[in-house]
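# Examining the three-dimensional arrangement
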Amino acid sequence: MVSALTVAAGVTDPELPMLTLADLGVLRAVEEHDGRVVVSITPTYTGCPAMDTMRDDLAHALLTAGYSDVEIRTVLTPAWSSDWITDHGRQALADAGIAPPGPAPATGGPVPLTLGVTRRAVSCPLCGSTDTGEISRFGATACRALWRCRSCAEPFEYVKEI
Amino acid sequence: MSFDNVYEAITEENDDTRWAFGTGFEDPLSGVDATVPPGVTADQCLALGDDALIMSHRLQEWVTRAPELEDEVALANIGLDLLGQARLLLTRAGQIDGSGRGEDDLAFRRDEREFRNVRLAEIDGGHFGHLIARLFVFSAWRLALFGTLLEDDDPVLAAIAAKAVKELAYHREYAVGWVIRLGDGTELSHRRMQEGLDATWPWVAELFGETDRAEFDDVVTRVLDAATLTVPQTASVGGPGGRDGVHSERMGFLLAELQSLARAHPGATW
């Protein structure tokens, strides 16, 4: 029987299917005691509608692998950060044409106010140029922004730092 | 799995369930420890959840009406974040008050006087300058407020706040960008942005009551200064407000739309 951790770590994100939940940093813990499996996951965004699907996919994968007693727990704290995306996950994003996030801003205390255009160094996942610009802070899913490359003229998506 | 782009993956095998995320209405706090510490009441979660629910509804109304596609996507995303916060906060409120009510009971089966949202959230209409003014005030206020909840006695509320702060920072940044772009833009855009602020300001005092507003005022001063706009001097609307269950005349129409399906078809799932 494949270990519960291996099964859970192989489940992919419903909206970013090139990433496993482990790559994304959503999978926090997999505990196995006497045949009972407890999986802990943390939401990326509070409104992320894919959470229910992730729970279902995890339960389905574990049940299919032969685990009959499965519980999926939601962990709200510490809050998910894009820093938790693994190096493997970042490479998988880049390979799929999605720019991975840079370091997340520091948390705690008042959030500093930025005026005007925020400069973020984002490389084009297609040609590697850093001559890029933001089209929209918000994209097709809660975690992605829309950018474009001025060098190769391609638009691309970018996982926001959070 | 290998795809040329992520959308191919989503549409793979013509799997319709991909388009139905979040429609199961499972308890959003599923699997979270529901213990309520002594002394914690539901008031705060209910009020903050109602603010998010009603503001989200107003933002959703802009879908198909925004001036550009990118802004439509942005407003929909912000509305989705707030709806997510509302789901968690209302579910938590139902856990704390011990009534056994879930998020749907609280969102769809309460009457106007039982809602505790600030009246700013229920304002509608106007042009894009009005919308941006409301979103700027709402997100700057909510971000400052949630920053004070990170050590709350209720660990679930503290965790929701820690998560929401990150989202609200993006909301405020979006609104600030437009306040500056419009205020420091053309004569027309400047005038309309100032109109939006002037119309919004009567509802600002209600947000704070006796609580500290230093961080909010600092943000407002700096943004409006950069945008060449002036802080409105319009008088505040006084008397009992949304936190007392007293709403503006718009609220009844809003709830009629928000609740019509759930009330016409009790127990409906989709």
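So, a few notes on the structure that sits alongside this text. (Residues numbered from 1 in each chain as written. Chains lettered and ligands numbered in written order. Predicted model: local features only at pLDDT ≥ 70, side-chain atom pairs only at ≥ 80, totals over all residues.)

## Observations concerning the interface of chain B and chain A
Accessible area lost when the parts come together is the quantity often used to give the size of an interface. Our working definition: For every residue pair, C-beta atoms are placed from the backbone, and the pair is scored as a contact if these atoms sit within 7 Å. Every helix listed is a DSSP run of H or I at least four residues long, and every strand listed is a run of E at least two residues long, numbered separately from the N terminus.
Listed by partner, the interface residues are 45 residues for chain B and 35 residues for chain A. Listing elements by their share of the side of chain B that touches chain A, those giving two or more residues are α1 (6–11), α3 (69–96), α5 (128–147), α6 (155–183) and α9 (214–226) of chain B. If one sorts the elements of the side of chain B that touches chain A by residue count, α6 of chain B sits on top with 15 residues.

## Quick word on the packing of α3 of chain B against α6 of chain B
Axis angle and axis distance: for two packed helices, these are the angle between their axes and the distance between the axes, and together they describe the pair. All names here are of chain B. Going by this rule: Lines fitted to C-alpha atoms define the axes here, with helix axes fitted over just the stretch in contact, and angles between the N-to-C directions of these axes take values from 0 to 180 degrees. Here the word oblique covers every angle except those under 35 degrees (roughly parallel), over 145 (roughly antiparallel) and from 65 to 115 (roughly perpendicular). In a left-handed crossing the near helix is turned counterclockwise from the far helix by less than a right angle, and in a right-handed crossing that turn is clockwise. Residues are grouped as follows: Ala, Val, Leu, Ile, Met, Phe, Trp, Tyr, Cys and Pro are nonpolar; Asp, Glu, Lys and Arg are charged; all remaining types, including Gly, are polar.
Two elements in contact, α3 and α6, have axes whose closest approach is 11 Å; the angle formed by their N-to-C orientations is 165°. As the angle between them shows, α3 and α6 are arranged roughly antiparallel. The handedness of the crossing between α3 and α6 comes out as left-handed. Seen from α3, the contacting residues are Ala-74, Ile-78, Asp-81, Gln-85, Leu-88, Leu-89 and Arg-92; seen from α6, they are Val-156, Leu-157, Ile-160, Ala-164, Glu-167, His-171 and Tyr-174. By residue class, the composition of the contact of α3 with α6 is 9 nonpolar, 2 polar and 3 charged.

## Let's talk about unusual backbone geometry
Looking along the chain, the bond that leaves Thr-77 of chain A and enters Pro-78 of chain A is cis, with omega of -5°. One non-glycine residue, Asp-34 of chain A, lies in the positive phi region at around 50°. Examined against the element boundaries, Asp-34 of chain A turns out to sit in the loop between β1 (27–33) and β2 (36–41). We note that Thr-64 of chain B has phi near 80°; this positive angle belongs to a residue other than glycine. Here Thr-64 of chain B shows up in the loop between α2 (43–60) and α3.

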